[in-house]
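# Inside the fold
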Amino acid sequence: METLKTCSGEKISSVSDWVKNQIKQDEIDKYLENNHDFIDDAKIKQTLQDNQKVSKERIRGILEKAHEINLMDDADVAALVNVTDPDLRQEVFQAAEEIKKQVYDNRIVTFAPLYLSSKCVNGCRYCGFREDNGMQVRRVLSQEEVEAETHVLASKIGHKRLVIVFGEHPDSAVDYIADTMKTVYSVHDKVRNGVGEIRRVNVNAAPMSIADMKKLYNSGIGTFQVFQETYDHEIYRQMHPANTLKGNYGWRLYSLHRAMEAGIDDVAIGTLFGLADWKFDVMGMVAHARDLEKRFGLGPHTISVPRLEPAIGTDFSFIKNWVSDEDFRYIVAVLRVAIPYAGLIVTNREKPEMIKSLIDIITQRDADSRIGIGAYSAAYKAGTLGKDEQLLDKAQFELGDTRSLDAIIRELAETGHIVSFCTAGYRCGRTGKKIMGLLKSGQEGCFCKLNAVLTFQEWLEDFASEETRKIGMEIINKEILENLRLQYSPGTRVELVKMDDPFNTVLHPGFKGTVVSVDDIGTIHVAW
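## Quick notes on the overall build of the protein chain
A count of helices and strands for the protein chain gives 21 helices and 16 strands. Relative to the 2.2 N^0.38 estimate, which gives 24 Å for 528 residues, the radius of gyration of the protein chain is 25 Å and therefore close to what a compact globule would have. A total accessible area of about 22400 Å² is found for the protein chain, and carbon and sulfur atoms account for 49% of it.

Right under this line is the structure:
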């Protein structure tokens, strides 16, 4: 183990001493109201009970209001989660698809998780990384190994975004995370026509102090993710031993508040569905978004919906709240309409058919994912990239979809989706309140659609198989044509600026006319 220090630089001699120095009680207490956090279990349960039986007319009114792209009222969320009628649930799905289209259009963002450490001081009963799991191989990647993983991700697979993931341990604490981001951003490899590089690094890590969060902010962090796992206080207590860092509910609950206070304005919430009653946890996620809005004027940038999956050395016989496929799909639809401005992530925990059924509701998914420590470079050396291979003794859980990025992009293009690799908005400072205002007003697409098309074409030219490139270019050409027809609709007045026809003797710069149509090859027909 490396020499340990507190955030003030004081040396620490042991892991136990490090653990004792992590939680800052004053950075919990400052956010409490009347000595209570914002999750009122009794109130949530009562709201759910009060909204068990609601009319179809009320549900339809809730869905109509959701198109205003504001955070949904608690009572309305409770009404939606209590819907069991299949036809009425289908109306919720339809509204979810409409809202996704309204806010994000047909764009899907892809990313990859990069697991960097499996050491952990916690004892979460459901997690393969828990400290007492003797079947788990423990590793923390060196910076040289991080660089090797990044070369594969950026120049062999073609990813532009990563979420880097860490166990909670002094060997992978804030300074290691900051160094890791620097290493990832330093990789620039020559590929077919351009450069393979990671342009945005999101972080999924343990809760930290405000001082530590400022270190991540200064290191160029993208989005900071901390998932509450469950908002139910009692279930949380049962799943996380009290003598561990993660056993402190409040320290975890307010981790994103501290991130916001440290200057990180893109934060992400999530629940591990299957631990508690899913209806309660949907209500908890909305409450979390509401408190962030209340205190910082800004809700979560993304929301994630991981579902419990098998993990090596882990007995799940104690789990009482498994979520069915039908209910899981409905959870995603409800969250889309309840927190309509947020990006919505479904990961490769789920099987391909499940993700495909939700693709018109979600905004992000991972692809070509490997969650074993050091798994990308190991697969590249073994020639098994893009193949169904999992290193379960080095992974936190099992994956449901292990297909290659090329195969997933081909499937997305076949179903009419543009895969966006764009990170220009973040690099231009269009984060936090700036991007949230654009999302709520529906104007974000004006900035992002063209960039999405350009970065999609960049990826096709640098990494795609011939089959995928062909299908991808077809949808790009379709998007360009649709944009032309939108920009130059019939009746639009135009002025001739330049004409490169050597045989033209009639039209000259300054001539004005009216657009008649745009044909199928993109020619604009004008009555001059």
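Don't stop here, the text continues.
## Considerations on helix α21 (residues 466–487)
Because an α-helix completes one turn every 3.6 residues, residues spaced three or four positions apart along the sequence face the same direction. Over its 22 residues, α21 runs 31 Å from end to end, which matches the ideal 32 Å to within 8%, given 1.5 Å per residue. Listed in full, the buried residues belonging to α21 are Thr-468, Ile-471, Gly-472, Met-473, Ile-475, Ile-476, Glu-479 and Leu-481.

## Brief notes about the pattern of salt bridges
Considering all chains together, one arrives at 30 salt bridges under this definition. A salt bridge links Arg-199 to Glu-197, with the shortest nitrogen-to-oxygen separation between them at 3.1 Å. What makes Glu-197 buried here is its relative accessible area of 17%. When the shortest N-O distance is used, the salt bridge between Glu-229 and Lys-246 registers 2.7 Å. In this pair, Glu-229 is assigned in the loop between β8 (224–225) and α10 (233–239) and Lys-246 in the loop between α10 and α11 (249–253), connecting sequence segments 17 residues apart. Within this structure, Glu-33, Asp-291, Lys-294 and Arg-295 form a network of salt bridges that share partners.

## Re the environment of Ala-42
By the secondary structure assignment, Ala-42 is in helix α3 (residues 41–50). Each C-alpha atom of the pair Ala-42 and Met-260 lies 28 Å from the other, and the pair is 218 residues apart in sequence.

## A closer look at helix α5 (residues 74–81)
Most of α5 is tucked away, with six of its eight residues classed as buried. All of the buried residues in α5 are Asp-76, Val-77, Ala-78, Ala-79, Leu-80 and Val-81. Against α3, α4 (56–66), α6 (86–104), α13 (278–296) and α14 (325–338) lie the buried residues of α5.

## Points about unusual backbone geometry
With phi around 65 degrees, Asn-35 is a residue other than glycine that occupies positive phi space. Mapped onto the secondary structure, Asn-35 falls in the loop between α2 (26–29) and α3. We note that Asp-368 has phi near 55 degrees; this positive angle belongs to a residue other than glycine. Examined against the element boundaries, Asp-368 turns out to sit in the loop between β12 (364–366) and α16 (375–382).

How each quantity is defined
- Residues numbered from 1 in each chain as written.
- Predicted model: local features only at pLDDT ≥ 70, side-chain atom pairs only at ≥ 80, totals over all residues.
- Heavy atoms only, no water.
- Helix = DSSP H or I, 4+ residues; strand = E, 2+ residues; numbered from the N terminus.
- Rg over C-alpha atoms; globule rule 2.2 N^0.38 Å.
- Areas by Shrake-Rupley, 256 points an atom, 1.4 Å probe, with all protein chains shown as cover.
- Expected span 1.5 Å × (residues − 1).
- Buried < 20%, exposed > 50% of the residue type's maximum accessible area, 1.4 Å probe, protein only.
- Salt bridge = Lys/Arg side-chain N within 4 Å of Asp/Glu carboxyl O.
- Contact = heavy atoms within 4.5 Å.

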